[in-house]
Amino acid sequence: MDIALLVNITSKAWALKILALLDSGVPGRQAPLLAATKASRTSFASSLSHLVQLGLLEKNPGHGHPLRPEFRMTPAGDAAASVAGRIMQIAPDDDAFAIIRRSWAVPILAVTQSPERFSGIKSGLGTITDRALSQSLCILEDKAWLKREIDVSQRAPFPTYHAANAGRKISRAIGLSI
């Protein structure tokens, strides 16, 4: 999976969970998916339509009622759903999912497999703002999914960040292709 696709998928709160549920065998109809995600209808519908726009899901032609369609994964969706399934297995509880569903948490973990400076993380993610990156780094550090170390080997010391604990497992599960 490339970083641009990962950033797009995680821009909607429930997209990863929808993909993981489809990967685990939950039927592709809205009612079972909505019940399994425990999301609000509005957020769920937004995430589902986002996945369709990304080309990861499609309506199953000729199946179901027009007002209650069934969705199926595309080939690109199968690969993304496999990654989402691995991520959700690493962080199955509600506290962990509250972190994962934040827009930038998973992409940050993906680019911090090795120690990275703030500017390196920012350039790896492209559209992230300094404020969003700073807040996400703090949240991931508080959860102990990201480790911050001060590199004093240079004349001017600087912090580096790298995935740790469950964050490292999530980073490996993503299998980012750079």
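Scroll up for the structure.
S.K.: Please provide a residue-by-residue account of the pairing of strand E3 (residues 146-151), values included.
M.R.: Both E3 and strand E4 (residues 158-163) contribute to a ladder of six bridges, which runs antiparallel. Across the sheet, residue Leu146 finds its bridge partner in E4, namely Ala163. The hairpin turn running from E3 into E4, its antiparallel successor, is six residues long.

S.K.: So what about the pattern of salt bridges? Which residues, and what values?
M.R.: Enumeration over the complete set of coordinates arrives at three salt bridges. Salt-bridge contacts for Asp130 lead to Lys122; the nearest nitrogen and oxygen are separated by 2.7 Å. What makes Asp130 partly exposed here is its relative accessible area of 43%. Between Lys147 and Glu149 there is a salt bridge, with the nearest N and O atoms lying 3.7 Å from each other. We classify Glu149 as partly exposed; its relative accessible area is 33%.

S.K.: Account for the packing of aromatic side chains, naming residues and giving values.
M.R.: Considering all chains together, one arrives at one aromatic pair under this definition. Measuring from ring centre to ring centre gives 5.2 Å for Trp14 and Phe97, while their planes differ by 40 degrees; the resulting arrangement is tilted. Here Trp14 is found in the loop between helix H1 (3-10) and helix H2 (15-24), whereas its partner Phe97 is found in helix H6 (residues 94-100), with 83 residues between them in sequence. The residues Trp14 and Phe97 share a single accessibility class, namely buried. The positively charged end of Lys17 is found above the aromatic ring belonging to Phe97, 4.7 Å away from the centroid. The ring centre of Phe158 lies 3.6 Å from the NZ or CZ of Arg117, which sits over that ring.

S.K.: Please provide a residue-by-residue account of the packing of H2 against helix H4 (residues 41-53), values included.
M.R.: Contact geometry for H2 and H4: axes closest at 9 Å, N-to-C directions at 70 degrees. In terms of orientation, H2 and H4 fall into the roughly perpendicular class. Residues Ala15, Ile18 and Leu19 of H2 form the contact with H4, whose participating residues are Phe44, Ser47, Leu48 and Leu51. Partitioned by chemical class, the residues of the contact of H2 with H4 number six nonpolar, one polar and no charged.

S.K.: Break down the nonpolar core for me, with residues and values.
M.R.: Within the largest apolar cluster, 53 residues are counted, with the highest numbers of intra-cluster contacts made by Ile18, Leu19, Ile100, Ile108, Trp145 and Ile174. At seven residues, the largest contribution of residues to this core is made by H2.

S.K.: Give a detailed account of unusual backbone geometry, specifying residues and quantitative values.
M.R.: Phi at Ala144 is positive, roughly 70 degrees, even though this residue is not glycine. Position of Ala144 relative to the elements: it lies in the loop between helix H9 (130-142) and E3. A relative accessible area of 33% means that Ala144 is categorised as partly exposed. Notably, Asn165 is not glycine yet its phi reads approximately 55 degrees, a positive angle. Take Asn165: it is sitting in the loop between E4 and helix H10 (166-174).

S.K.: Would you mind going over the side chain of Lys17 in detail, with residue names and values included?
M.R.: Among the secondary structure elements, Lys17 is positioned in helix H2. Despite its burial, Lys17 pairs with no opposite charge; the closest candidate is Asp94, at 5.2 Å N-O. With residues near it in sequence (within four places) discarded, Lys17 still touches Ala36, Thr37, Met88 and Phe97.

Thresholds applied
Residues numbered from 1 in each chain as written. Predicted model: local features only at pLDDT ≥ 70, side-chain atom pairs only at ≥ 80, totals over all residues. Heavy atoms only, no water. Pairing = 2+ DSSP bridges. Helix = DSSP H or I, 4+ residues; strand = E, 2+ residues; numbered from the N terminus. Salt bridge = Lys/Arg side-chain N within 4 Å of Asp/Glu carboxyl O. Buried < 20%, exposed > 50% of the residue type's maximum accessible area, 1.4 Å probe, protein only. Phe/Tyr/Trp six-rings, centres within 6.5 Å; stacked < 30°, edge-to-face > 60°. Lys NZ or Arg CZ within 6 Å of the ring centre and 35° of its normal. Axes fitted to C-alpha atoms, helices over the stretch in contact; angles between N-to-C directions. Parallel < 35°, antiparallel > 145°, perpendicular 65-115°, else oblique. Contact = heavy atoms within 4.5 Å. Nonpolar A, V, L, I, M, F, W, Y, C, P; charged D, E, K, R; others polar. Core = buried A, V, L, I, M, F, W, Y, C linked by side-chain atoms within 4.5 Å. Lys, Arg positive; Asp, Glu negative; His and termini not counted.

This is a description of form; function is not addressed.
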